Amino acid sequence: MERYYQPEIECASREQLRAWQSQRLVAQVRRVWESVPYYKRKMEEKGVTPEDIRGVEDLNKLPFLSKADLRDAYPYGLLGAPLKDCVRIHSTSGTTGKRVVAFYTRHDIDLWEDCCARALTAAGATEEDVVQVSYGYGLFTGGAGLDGGSHKVGCLTVPMSSGNTDRQIMFIRDLNATVLCATPSYAAYLGERMRELGLGPDDIPLKAGIFGAEAWSEEMRRDIEKTLGIKAYDIYGLTELSGPGVSFECSAQAGMHINEDHFIPEIIDPDTGEALPAGEQGELVITAVDKEAFPMIRYRTKDICSLTYEPCACGRTHVRMTKPRGRSDDMLIIRGVNVFPSQIETVLLQHGYAANYQILVDRVNNTDTFEVLVEMTPEMFTDSVGEIQQLQKTLSLGLNSMLGIRPKVTLVAPKTIARSEGKAVRVIDKRKI
Ligand code: DLL
C-alpha cells in the first residue's frame, strides 16, 4: 500500500491546485498579519493589507522576506505561533553571522514528514524497505526529516547519522538496507570506501538513494548510480521552509516536484525582484501556505533554478524545478566571470575524475587568482611530471571552455583532499578575509 502516493493531491488539476493555494494563502496572510508584528510592519511599509490578498494572483503585492530579515528578527521575532505550541527547533550550518533558527509546531512536523514520506514513496520505498538515514541528526534538518518520513511510510528506519563510514557499509550489508539517504558527497565517499574494501555494487542490497542538501551535477548522479548500483533521486529543501521535502524527484528524474499544496514557488530576477516566466533561470522564492510556527511568505531562497509546468511522465501535476546550480551566494565572481562550483564538478566528471576537488581563490596585486586542486583517481595516478603536466593542461582547457575563464589546475595524489560527511566544502576564497 502506498499511503504517501496521494494522486488526489499530487495529480490534481492545475485549477484545483491554484484554488487550494489561493484559499490557504489568504488565510495565512491574515494569520501572519495578526500574529507576527515584524511581518505586519513590512506589509504596512509596502502599503498592503490582508484585504488586498484575494488569491495567488495577488502574491506579488506582498513584501519579500530574506535572510537579512531572519537575522534582524533572531531568534523569536518571526514566531507565528505561541511558544507553548512550539515543540522543536532546527538550525542551519551557516558559517557567518547568526544562525537561522526555525521553529515547528506538532502540525508543522506532521506536514514536513508527509513531504519527506512522499519523496521516499516516489523513490519506490514501501514498508518492505530498510532505510538508512546517513544525513546528520541534530540541529541539521536532514536526519530528522528523512527519519520522520521513513517512519510514516513504515520502513524500517536505521538512524545512522553521518560518519563512521565502515560501520555504515557494515549496516547496509548486515541489515539489508535498500534505501540510502545522505548528502551526494557523502554517498560518493561511501562508494569510494567500498571500492577500497574491494566491494562492488553487487555486494550491497541498496536499490535507491535520496540525496540532497547541496548542489550536485548530473554527472555525479551517474557516477554514484554506477558505484552503488542504485537509482539516485534528488531532494531539495531548506531549514527556513522546514527542511528536506520542499521538492523531490520522481522516477522520471527530470526535475523536482514542488509540494505545491504547501509551497507556492516564484522565480525572480535576483537583481530587480521582477517575476520571470516559466523556463527562465532565476532566484527561487517560496511562500509556505500552511506553516504555523515559522511562517515564510515570499522567502528568497537565493537558489538559482527554473520551473517547468510541462506534464511529467509520472503523472504528477506539481510543478518541477531544475537542480539548483547552487545559491546565488555560492556563486564566485572571478575576474568578473560568474563561476559555480557545480560547473567545475561537471567538467571534472566528464574528464574521468571523481568529484574530489577544491577551488582556491585569492587576490594578488589587485588581480584574482583562480586555482582548482583536483585529485587523481587511483587508476590514473602517475608520478611522471610530463604526464601530469599534460593532464593539467587538458583539464584547464576543458574548464576554460565551460567557464570562459582559465584556472590553474593542480593535480594532487588520491585521498589528499579532505572528505566531508555532510555538505562538502568546495571553495576557499581568501579574498573575503
Ligand atoms: O540542506 C535541507 C536538506 C536536507 C535538503 C537534506 C535535502 C536533503 P539547509 O541546511 O538549510 O537545509 O540548506 C539549504 O542547501 O538553500 C540550497 O542552497 C542547498 N540545497 C538543498 N538541497 C539541495 C539540492 C538543507 N537538492 C540549502 N540541490 C538550500 C542543490 C540544495 N542544493
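Residues numbered from 1 in each chain as written. Predicted model: local features only at pLDDT ≥ 70, side-chain atom pairs only at ≥ 80, totals over all residues. Heavy atoms only, no water.

Asks: Got a sec to walk through the side chain of Thr239? Specific residues and values, please.
Replies: With respect to the helices and strands, Thr239 occurs in the loop between β7 (231–238) and β8 (243–249). If we ignore the near neighbours within four places in the chain, the residues touching Thr239 are His90, Ser91, Thr92, Ala102, Tyr104 and Thr141. (Helix = DSSP H or I, 4+ residues; strand = E, 2+ residues; numbered from the N terminus. Contact = heavy atoms within 4.5 Å.)

Asks: Could you give an account of the site of the ligand, with specific residues and numbers?
Replies: If you check the shell around the ligand, you find 20 residues, and the closest are Asp234, Ile235, Thr239, Asp303 and Arg327. At 3.2 Å, a backbone N or O of Glu214 approaches a nitrogen atom of the ligand. In the model, a nitrogen atom of the ligand is placed 3.5 Å from a nitrogen or oxygen of the Ala215 main chain. Within the complex, 96% of the 610 Å² of free accessible area of the ligand lies under protein. Mapped onto the shell around the ligand, the elements with two or more residues apiece are α6 (141–153) and β7. Tallying contributions element by element places β7 first for the shell around the ligand, with 5 residues. Looking at the shell around the ligand residue by residue, the class counts come to 9 nonpolar, 6 polar and 5 charged. (Near = heavy atom within 4 Å. Polar contact = N/O pair within 3.5 Å; in protein donor to acceptor, adjacent residues only side chain to side chain. Areas by Shrake-Rupley, 256 points an atom, 1.4 Å probe, with all protein chains shown as cover. Nonpolar A, V, L, I, M, F, W, Y, C, P; charged D, E, K, R; others polar.)

Asks: For the packing of helix α7 (residues 165–174) against helix α8 (residues 184–196), give the residues involved together with the corresponding values.
Replies: Across the interface, α7 lies against α8 with an axial gap of 10 Å and an inter-helix angle of 80 degrees. For the element pair α7 / α8, the angle class is roughly perpendicular. Residues Thr165, Asp166, Gln168 and Ile169 of α7 touch α8, and the partners they reach there are Tyr186, Tyr189, Leu190, Arg193 and Met194. Grouping the amino acids of the contact of α7 with α8 by side-chain chemistry returns 5 nonpolar, 2 polar and 2 charged. (Axes fitted to C-alpha atoms, helices over the stretch in contact; angles between N-to-C directions. Parallel < 35°, antiparallel > 145°, perpendicular 65-115°, else oblique.)

Asks: Summarise the environment of Ile172; cite the residues concerned and give the values.
Replies: Structurally, the position occupied by Ile172 is in helix α7. Considered as a pair, Ile172 and Gly398 are 226 residues apart in the sequence and their alpha carbons are 37 Å apart. Ignoring sequence-local partners within four residues, the contact set of Ile172 consists of Gln132, Ala177, Leu180, Ile204, Pro205 and Leu206.

Asks: Got a sec to walk through the pairing of strand β11 (residues 282–288)? Specific residues and values, please.
Replies: The side chains of a regular strand alternate between both faces of the sheet. Counting buried positions along β11 yields 7 of 7 residues, so the element is predominantly enclosed. The pairing of strand β10 (residues 263–268) with β11 spans 6 bridges and is antiparallel. For Glu266, the partnering residue across the bridge sits in β11 and is Val285. One ladder, built from 4 bridges, connects β11 with strand β12 (residues 299–305); its direction is antiparallel. Bridge pairing in β12 links Glu283 to Ile304. (Buried < 20%, exposed > 50% of the residue type's maximum accessible area, 1.4 Å probe, protein only. Pairing = 2+ DSSP bridges.)

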